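Next come the chains, spelled out residue by residue.
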Amino acid sequence: METAIEIVSVDHQLVIRLNQAWSKRATVCSPAKADVSEAFDPTRADYPERLVPFFHHPAFQALSEELKSSVLTWGWIGYNLRTVTAEELVVNPALSVIANQYLGPDDWHFREAMQQALIDEHYHTLMHLRAVERTRAERKLGAMLDLPPSVTYLRLKALQQELSEPWQQDMAAITFAVVAEISVNAFLDLLADDQSIQPQNRLVAELHNRDEYAHSKVLAEVAKVMYANMQPEQRAFFTRTLSQALSAFVAQDYSMWEAILSQLGVEQARQIIDETRESNRNATIMRDYSGLHRLAEDLGIGAQIDFDFRPTLKSEAAA
Ligand SMILES: [Fe+2]
Ligand SMILES: [Fe+2]
């Protein structure tokens with residue numbers, strides 16, 4: 001089998017440096033960083049207005065301030081729940097398969113990096129679950145709304161159901177996890193830089209973002225080693241599925257917002273969503289695919305990936 005170094009340039013030193021700094025940089029290693037001294041301020045939004053795709057729609061603007069604030073609160077809760085789903089059902093299983101099946105006995109630093117990332121991700125789940133419970137208590141919310149999973153996650157489930165071999169199902173999750181890990185920073189930046197929202201909410205995003213900056217670098221290197229360790233059939237499958245994963249992340253997804261509006265009793269929910277879908281105003285760059293573009297080029301599969309790698313202008317919540 002060819003080695004990783006022969007196929008692509010793997011930055012082994014970068015991974016070693018990030019591993020060594022883990023105990024200083026990782027949120028899980030300093031849990032006290034997750035607390036802010038500023039008290040909850042009920043007048044501040046839980047979620048940025050600019051990340052609500054229909055915020056400027058006249059029918060939405062005509063709602064009471066209280067109702068608009070509730071939509072932001074449930075948008076924040078929905079974002080957290082989708083993040084938990086992505087960590088628990090996509091990223092963690094995928095990282096575990098990479099660590100246990102696609103790294104060999106001579107890939108120690110890459111294995112070490114995956115174990116550190118898995119610990120980080122488990123802590124992110126705890127941070128986001130705590131954020132949901134804290135928000136429910138602060139806003140004195142009653143029963144939870146019934147919020148649908150993201151279209152991205154549903155597409156992965158549908159793809160896995162079509163696949164007969166367990167290794168293919170695992171590989172599908174790996175490609176979705178690779179895309180998630182190497183493109184999520186742009187969205188977390190938006191939340192982490194927003195000084196208008198609850199300080200505690202902003203901090204959750206900032207701390208998660210800091211870890212993900214390291215993950216995106218590490219995973220790009222691990223992906224090269226993993227790809228080098230694959231059999232030709234697996235490489236071909238990885239390349240094909242990576243295109244599907246990329247298009248699943250840019251699929252339009254207003255399902256969470258529609259559920260929130262209709263369950264909060266907004267009569268024009270349908271109209272607001274339909275008109276927003278058409279106009280796509282209030283668009284913001286939600287994901288940055290430049291790292292994935294670079295990875296595809298490094299793997300020598302750039303020409304086979306059917307995807308426009310330019311930054312996505314989208315306005316729906318990303319998970
Ligand atoms: Fe994470
Ligand atoms: Fe991550």
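These lines cover the structure that appears in this document, whether it is placed above or below. Note that this is a predicted model, so its numbers are computed, not measured.

**Quick look at the coordination of the iron ion (ligand 2)**
Taken together, E121 (OE), E181 (OE), E181 (OE), E212 (OE), E212 (OE) and H215 (ND1) make up the protein donors of the iron ion (ligand 2), found 1.9 to 2.6 Å from the metal. In primary-sequence terms, the residues that donate to the iron ion (ligand 2) follow E-x59-E-x30-E-x2-H. Between the iron ion (ligand 2) and the iron ion (ligand 1), the interatomic distance is 3.5 Å, and E121 donates to each metal, bridging them. Here H215 lies in helix α9 (residues 199-229) and E121 lies in helix α5 (residues 108-138), a separation of 94 residues in the sequence. Using a relative accessible area of 5% as the deciding quantity, one classes H215 as buried.

**Overview of the coordination of the iron ion (ligand 1)**
At this site the iron ion (ligand 1) is bound by E87 (OE), E121 (OE), H124 (ND1), H208 (NE2) and E212 (OE), with donor distances of 2.1 to 2.3 Å. Positions of the donor residues of the iron ion (ligand 1) along the chain correspond to the pattern E-x33-E-x2-H-x83-H-x3-E.

**Notes on the pattern of salt bridges**
One side chain can pair with another of opposite charge once the charged atoms of both are near each other. What the rule picks out here adds up to 13 salt bridges. For R50, the salt bridge goes to D194, with nearest N and O atoms at 3.9 Å. Separated by 144 residues along the polypeptide, R50 in the loop between α2 (12-25) and α3 (58-61) and D194 in the loop between α8 (185-192) and α9 bring together distant segments of the chain. What makes D194 buried here is its relative accessible area of 9%.

**So, the packing of α2 against α9**
At a closest axis distance of 10 Å, the pairing of α2 and α9 adopts a crossing angle of 155°. It follows that α2 is roughly antiparallel to α9 by the angle criterion. Crossing of α2 against α9: the hand is left-handed. Residues L14, V15, L18 and R25 of α2 form the contact with α9, whose own contacting residues are R210, D211, A214, K217, V218 and E221. Taken together, the residues of the contact of α2 with α9 sort by class into five nonpolar, no polar and five charged.

**A word on α5**
With 31 residues, α5 extends 45 Å from end C-alpha to end C-alpha; this agrees with the ideal 45 Å at 1.5 Å per step. Trailing α5 by a residue or two, K140 shows a phi angle of about 50°, which is positive.

**Some words on the nonpolar core**
Formed by 58 residues in total, the largest nonpolar core has its most connected members in M114, I174, F238 and L246. Listed by contribution, the elements that provide at least two residues to this core are α2, α4 (65-101), α5, α6 (151-162), α7 (166-183), α9, α10 (232-249) and α13 (290-298). The element contributing the most residues to this core is α7, with ten residues. Ignoring sequence-local partners within four residues, the contact set of I174 consists of A94, V97, I98, Y102, M226 and F238.

**Points about the packing of helix α11 (residues 255-263) against helix α12 (residues 269-279)**
Between α11 and α12, the shortest axis-to-axis distance is 9 Å and the interhelical angle comes to 155°. The pairing of α11 with α12 is recorded here as roughly antiparallel in orientation. In terms of crossing hand, the pair formed by α11 and α12 is right-handed. From α11, W257, E258, L261 and S262 reach across to α12, where they touch A269, R270, I272, I273 and R277.

**Notes on α4**
Along its 37 residues, α4 runs 52 Å from first to last C-alpha, staying within 8% of the 54 Å computed at 1.5 Å per residue. Of all bends in α4, the biggest is about 35°, found at E87.

**Structural notes on the environment of V184**
Assignment of secondary structure puts V184 in the loop between α7 and α8. Sequence separation between V184 and N209 is 25 residues, and the spatial gap between their C-alpha atoms is 8.3 Å. Among all residues touching V184, those that are not within four sequence positions of it are E212 and R287.

Conventions and cut-offs
- Residues numbered from 1 in each chain as written.
- Chains lettered and ligands numbered in written order.
- Predicted model: local features only at pLDDT ≥ 70, side-chain atom pairs only at ≥ 80, totals over all residues.
- Heavy atoms only, no water.
- Donors = N, O, S within 2.8 Å, 3.2 Å for Na, K, Ca; no water.
- Helix = DSSP H or I, 4+ residues; strand = E, 2+ residues; numbered from the N terminus.
- Buried < 20%, exposed > 50% of the residue type's maximum accessible area, 1.4 Å probe, protein only.
- Salt bridge = Lys/Arg side-chain N within 4 Å of Asp/Glu carboxyl O.
- Axes fitted to C-alpha atoms, helices over the stretch in contact; angles between N-to-C directions.
- Parallel < 35°, antiparallel > 145°, perpendicular 65-115°, else oblique.
- Left-handed = near helix turned anticlockwise from the far one by under 90°.
- Contact = heavy atoms within 4.5 Å.
- Nonpolar A, V, L, I, M, F, W, Y, C, P; charged D, E, K, R; others polar.
- Expected span 1.5 Å × (residues − 1).
- Core = buried A, V, L, I, M, F, W, Y, C linked by side-chain atoms within 4.5 Å.
- Bend = angle between axes of the 7 residues up to and from the residue.

Nothing here speaks to function; it is all geometry.
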